[in-house]
Structures are given as structure tokens and as C-alpha cells.
Amino acid sequence: MKRSVTVFLTALAPVSWGTTYAVTTAFLPPDRPLFTALVRALPAGLLLLALTRVLPRGGWWWRSAVLGALNIGAFFPLLFVSAYRLPGGMAAVVGSVQPLFVVGLSALLLRHRPAPRTLVTGVVAAFGVSLVVLRGSGTLDAAGVLAAVAATASMAAGTVLTKRWGRPEGVGPLALTGWQLTAGGLLIAPVAFLAEGAPPALDGRAAAGYLYLALVNTAVAYWLWFRGIGRLAATQAAFLGPLSPLTAAVTGWAALGQALTPVQTAGMALAFAAALAGQLGGGSPGSFRIAEKSHRKDSMDLTSPALRR
């Protein structure tokens, strides 16, 4: 029962992320992707730091910076670049192969040998998402494709490293989330101001949209995500990722009046079934707790063999 609750709560994170497109379209000023990424990350991170009043110690300063860069600072801008440069839902299709990236990185960093069923499930999830989000044909932009692949790889690496490193003694997932959001937001800030200039003027509608993105879509969602990574196997968490484009499709249908074809409905069912199937395997969740205990002992020794596995 506990595991079912953990899966459900973790799944709320990609479900929340799936509402980003509708909120951006309906509430936010156009053509400000980096500013939007900054507003999503930095205020949420600073809020969590204020609530937890816990700062990194020792080696966790650089680990937080690495995780913040992978999960937030690099992922957000790359994701927006791919979304602006690729036709239709191609960026979402590339993103849906994240479970396969996680499987490969888990084999390298966590020594989790993937089962054939896991690989097949990852392919099925990507195929189902492609049925939902792809629209017609178009010329693929090489930079957009590279950005989409890099964003997917960045988030996958952040997921696996979060699993490997665990968290230091006495630090909960809320503080760990605050560290990463703050680090990622600080990385995005100079890029956003150099590329897009001063912040845009905001009306009440835009302010409400940014407030939702910062609090619900980022602070709460990423806390649930990192909490889930700590209690589930890395591949199990990754297989919840396809729920994001599925939620985007449903939100577009319900809130923006976008039609869903029978093929898209079948693809949604296929991808959702793959997400459920991904929870049946993926290794033992207990591996995180072992890693956490190991890093409690070695957290101040960056040359420890436990960090060089």
C-alpha cells in the first residue's frame, strides 16, 4: 500500500509538468522561455531554502550544483529550445525515451542490469507518446533535435545521480529540492537576461500563471519527484515521465479545445499502460537507502571508494 501511494504521489509531478504548455499558452507573455524557466526555478528554490533553513555541507555544495545544473539549469533552457525549434510534438517524443536513457545510466552508475521487459516497455512508452503528439510532417531542425536529446539526457543523468548520491544525514527531500532549484535558477539567470533582456511587464493573468508555475508546477512537483526517486528505483520513476506529454494532450483537449483522434487515444492508452508496467520492475527501491547510509559516512571524504564506484 505504501509503495502504491509513493508511485501515485510521484506521478503527480509529471502530471503537473504536463500542464505547463496550457498555462504558458493561456496566461504568459509570448517568446520569453528563459525568463519563464528562471521564474519557475529561482523563486521556488529560495522559498524552499527559507522554509527548511538548511544549506549544503561539505561535498554537497558541488553535488547540489551538479544536480541543479542537470535537473534544472540545463534541462529547462534545452527543453524550451527544442520546443520552439521542432515541429509538432517531436520534442515530447524525444523526451519520452528518457526511461531508456535512465536504464543505460543505471547500468553504468548503479550497476542495475536492465531486464529485457524493461527495454521493451521503454520502447512501447515512446511509441505510444509518438502516436499522441506527432502531427503531420515537417523539416526537423538539427539544433532542435540536439537540444531535445541533450535535455532528455540531462534529466536522466540527474535522476540517476540523485538516486546514487541519496542525501546527507538529517536532510529531507524538501531541502534537497530547494538546493537544486536555487542552483539551477542561478545558472539560468545570466543566460535569460543576456538573451532576452529585462523582464516583461506582467498583468494579473501573467502573474497568476507564473505563481502557479513557481509554486505548484515547480516547488511542489519537484519535491514530489525527488521524494519519489528516493523511494522508488530510478527506472520506475523514469517510466512515470511519459505521463507529462499525455497530460499535455488531455489538458489541450479539455482547456484549449484541441481535438483528440482515435489514434491519439490509442497512443495514450498504450503509453499509460507502459507507465504502469514500468512500476512492476526496475530494481529494488532499497538501493537508495544503502547509498544514503554510505554517503552519511563518506559525505566529507570526496576520495572515498564509495564515491568512485
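Residues numbered from 1 in each chain as written. Predicted model: local features only at pLDDT ≥ 70, side-chain atom pairs only at ≥ 80, totals over all residues. Heavy atoms only, no water.

Moving on to the packing of helix α9 (residues 142-165) against helix α11 (residues 204-231). The geometry of α9 relative to α11 is characterised by a closest axis approach of 8 Å and an angle of 55 degrees between their N-to-C directions. Judged by the angle between their axes, α9 and α11 are oblique. As α9 runs across α11, the sense of the crossing is right-handed. Within the contact between the two elements, α9 uses Met155, Thr159, Thr162 and Lys163 and α11 uses Tyr222, Trp225, Phe226, Ile229 and Gly230. The residue makeup of the contact of α9 with α11, split by class, is 5 nonpolar, 3 polar and 1 charged. (Axes fitted to C-alpha atoms, helices over the stretch in contact; angles between N-to-C directions. Helix = DSSP H or I, 4+ residues; strand = E, 2+ residues; numbered from the N terminus. Parallel < 35°, antiparallel > 145°, perpendicular 65-115°, else oblique. Left-handed = near helix turned anticlockwise from the far one by under 90°. Contact = heavy atoms within 4.5 Å. Nonpolar A, V, L, I, M, F, W, Y, C, P; charged D, E, K, R; others polar.)

The subject of this paragraph is the confidence of the model for the chain. For the chain, per-residue confidence averages 80 on the pLDDT scale, and 83% of positions sit at 70 or higher. When the criterion is pLDDT under 50, residues 282-309 qualifies, and its contacts beyond four places in sequence or with other chains add up to 49 contacts. (pLDDT = per-residue confidence, 0-100.)

Mapped onto the elements of the fold, Thr6 is located in helix α1 (residues 2-17). Owing to a relative accessible area of 8%, Thr6 belongs among the buried residues under this scheme. Apart from residues no more than four positions distant in its own chain, Thr6 is found in contact with Arg227, Gly228, Arg231 and Leu232. (Buried < 20%, exposed > 50% of the residue type's maximum accessible area, 1.4 Å probe, protein only.)

Time to look at the environment of Ala22. Topologically, Ala22 is positioned in helix α2 (residues 20-27). Judged by its relative accessible area of 9%, Ala22 is buried. A sequence separation of 229 residues divides Ala22 from Thr251, and the C-alpha atoms of the two residues are 6.7 Å apart.

A few words now on the environment of Ala208. As for its position among the elements, Ala208 is in helix α11. In this structure Ala208 comes out as partly exposed when scored by relative accessible area, which is 40%. Once the C-alpha coordinates of Ala208 and Leu28 are considered, the two residues, 180 residues apart in sequence, prove to be 9.0 Å apart.

Look at helix α10 (residues 173-196) against α11: their axes get within 9 Å of each other, and the N-to-C directions meet at 120 degrees. What the angle tells us is that α10 and α11 run oblique. When the axes of α10 and α11 are compared, the crossing they make is right-handed. Contacts between α10 and α11 involve Pro173, Leu174, Thr177, Gln180 and Leu181 on the former and, on the latter, Thr218, Ala219, Tyr222, Trp223, Phe226 and Arg227. For the contact of α10 with α11, the residue count by class is 7 nonpolar, 3 polar and 1 charged.

Soluble globular proteins: nonpolar side chains tend toward being buried together. Core analysis: the largest hydrophobic core is formed by 38 residues, its most contacted members being Trp17, Ile72, Phe76, Ile188, Tyr222 and Trp225. In contact with Ile72, not counting residues within four places along its chain, are Ala41, Leu67, Pro77, Gln180, Leu181, Gly184, Gly185, Ile188 and Tyr222. Among the nonpolar cores identified, the runner-up in size contains 9 residues, and Leu49, Trp60, Leu67 and Ala175 belong to it. (Core = buried A, V, L, I, M, F, W, Y, C linked by side-chain atoms within 4.5 Å.)

So, about the environment of Val220. Along the chain, Val220 falls in helix α11. With 172 residues separating them in the primary sequence, Val220 and Leu48 have C-alpha atoms 9.7 Å apart.

Enumeration over the complete set of coordinates arrives at 8 aromatic pairs. Ring geometry for Trp60 against Trp179: centres 6.2 Å apart, planes inclined by 50 degrees, an arrangement best described as tilted. Note that Trp60 is positioned in helix α4 (residues 60-73) and Trp179 in helix α10, a separation of 119 residues in sequence. Residue class for Trp60 comes out buried when judged on its relative accessible area of 1%. For Trp179, a relative accessible area of 4% corresponds to the buried category. Measuring from centroid to centroid gives 6.1 Å for Phe75 and Phe76, while their planes differ by 50 degrees, and the two rings are tilted. (Phe/Tyr/Trp six-rings, centres within 6.5 Å; stacked < 30°, edge-to-face > 60°.)

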